[in-house]
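Residue-level structural notes
One letter stands for each residue in the lines below.
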Amino acid sequence: NNQAVKVAIGEYVCILNPDTAVAEDTFVKSLAYAESIENLGALGIHLMDGTGSFLPESKRNLPTPRVSLLKLLGFGKSYYANHIPEKWKGEVDVLVGAFMLLKRSVFNEVGGFDEDYFMFAEDIDLSYKITKAGYKNHYLGTTSILHYKGESTKRDFEYLDRFYGAMQIFYKKHFKKNIFFNFIVKIGVFI
């Protein structure tokens, strides 16, 4: 994605996974909404899995250590941005990387995707860098795409290692370092 954005010439870029199917009006609606938002960082939309079920990671809150621990323990309500109904619109902290529409200038300003990540949490990191730069991420639930989530990923130990390893990279990069919290995060990742 970083390489593609370097050669892009448009005002906007759309980060779009290859395992998605886009509706015919998705880009028209997304661009119209993006143009109506002042200080837009990135725009995400309503994602559905292959069965047509809503994917709650379409709109998330920042996965602070507390929020992540609660999700790990089965109390994940604060992980998702449930303050916005799935078919509505509004400001959110984190968007899923399967579809992110943003100005190329914003992408470049925040340094794009951090290449220390492999496949997981790079969207969380990008979303957070965008908000730290003073922009607002938004969710638009009135247009959808299908995301055949995980179709290319085998769910095994390597998958779990990469996923939780990516979350550990995110934590180390963005949250205050403290020996006690580092230990707790390592235990949580191990579990």
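Structure: above.
The structure displayed is predicted, hence computed values, not measured ones.

Quick look at the overall build of the protein chain
Within the protein chain, the secondary structure is distributed over seven helices and six strands. The secondary structure elements of the protein chain, listed N-terminal to C-terminal, are α-β-β-α-β-α-β-β-α-α-β-α-α. When each of the 191 residues of the protein chain is scored for burial, the buried share is 43%. Considering only intrachain contacts with a sequence separation of at least 6, the fraction spanning at least 24 residues in the protein chain is 77%. When the accessible surface of the protein chain is totalled, it reaches about 10700 Å², and 58% of it is carbon and sulfur.

So, the packing of aromatic side chains
A full pass over the atoms with the stated rule returns three aromatic pairs. Ring centres of Y79 and Y80 lie 5.0 Å apart, and the angle between their planes is 85°; this geometry places the pair in the edge-to-face category. Given a relative accessible area of 8%, Y79 falls into the buried group. Under the relative-accessibility criterion, Y80 is labelled buried at 19%. Considering the side-chain rings of F107 and F113, the 5.7 Å spacing of their centres and the 70° angle between planes classify their relative orientation as edge-to-face. Looking at K59, its charged tip hangs above the ring of Y139, at a distance of 5.8 Å from the centre. Residue placement shows K89 over the ring face of W88; its charged tip is 5.9 Å from the ring centre.

Looking at helix α2 (residues 26-36)
Residues of α2 that are buried include every one of T26, S30, Y33 and A34, and no others. All buried residues of α2 lie within an arc of 100° about the axis, which places them on one face of the element. α2 presents V28, E35 and S36 as exposed residues on the side facing more than 90 degrees away from its buried surface. Packed against the buried residues of α2 are β1 (12-16), β2 (20-22), β3 (40-48), β4 (89-92), β5 (99-103) and β6 (136-147).

A few points about the pairing of β5
With four of five residues buried, β5 is to be regarded as a mostly interior element. Bridge analysis of β1 against β5 gives five bridges, and the strand direction is antiparallel. Across the sheet, L16 pairs through a bridge with F99, a residue of β5. Judged from the two bridges that link them, β3 and β5 form a sheet pairing that is antiparallel. Along β5, the bridge assignment pairs A42 with L102.

Details of the nonpolar core
Ranked by size, the top nonpolar core spans 18 residues in total, and within it I15, M100, L102, F107, L126 and I130 carry the most contacts. Once you skip the residues sitting within four places of it in the chain, F107 turns out to touch N2, V5, I15, L102, G112, F113 and L126. Within the second largest apolar cluster, 15 residues are counted, among which are A34, I37, L47 and L55.

As for the side chain of T143
Inspection of the secondary structure assignment puts T143 in strand β6. Within the local environment of T143, its side chain forms a polar contact with the side chain of T26, the two groups lying 3.4 Å apart.

A look at the pattern of salt bridges
One pass over the full model with this rule turns up five salt bridges. Linking E91 and K136 is a salt bridge whose minimum nitrogen-to-oxygen distance equals 3.9 Å. Here K136 lies in strand β6 and E91 lies in strand β4, a separation of 45 residues in the sequence. Note on E91: relative accessible area 41%, which makes it partly exposed. K136 gets classed as partly exposed once you look at its relative accessible area, which sits at 35%.

Rules and cut-offs
Residues numbered from 1 in each chain as written. Predicted model: local features only at pLDDT ≥ 70, side-chain atom pairs only at ≥ 80, totals over all residues. Heavy atoms only, no water. Helix = DSSP H or I, 4+ residues; strand = E, 2+ residues; numbered from the N terminus. Buried < 20%, exposed > 50% of the residue type's maximum accessible area, 1.4 Å probe, protein only. Contact = heavy atoms within 4.5 Å. Areas by Shrake-Rupley, 256 points an atom, 1.4 Å probe, with all protein chains shown as cover. Phe/Tyr/Trp six-rings, centres within 6.5 Å; stacked < 30°, edge-to-face > 60°. Lys NZ or Arg CZ within 6 Å of the ring centre and 35° of its normal. Arc of directions from axis to C-beta. Pairing = 2+ DSSP bridges. Core = buried A, V, L, I, M, F, W, Y, C linked by side-chain atoms within 4.5 Å. Polar contact = N/O pair within 3.5 Å; in protein donor to acceptor, adjacent residues only side chain to side chain. Salt bridge = Lys/Arg side-chain N within 4 Å of Asp/Glu carboxyl O.

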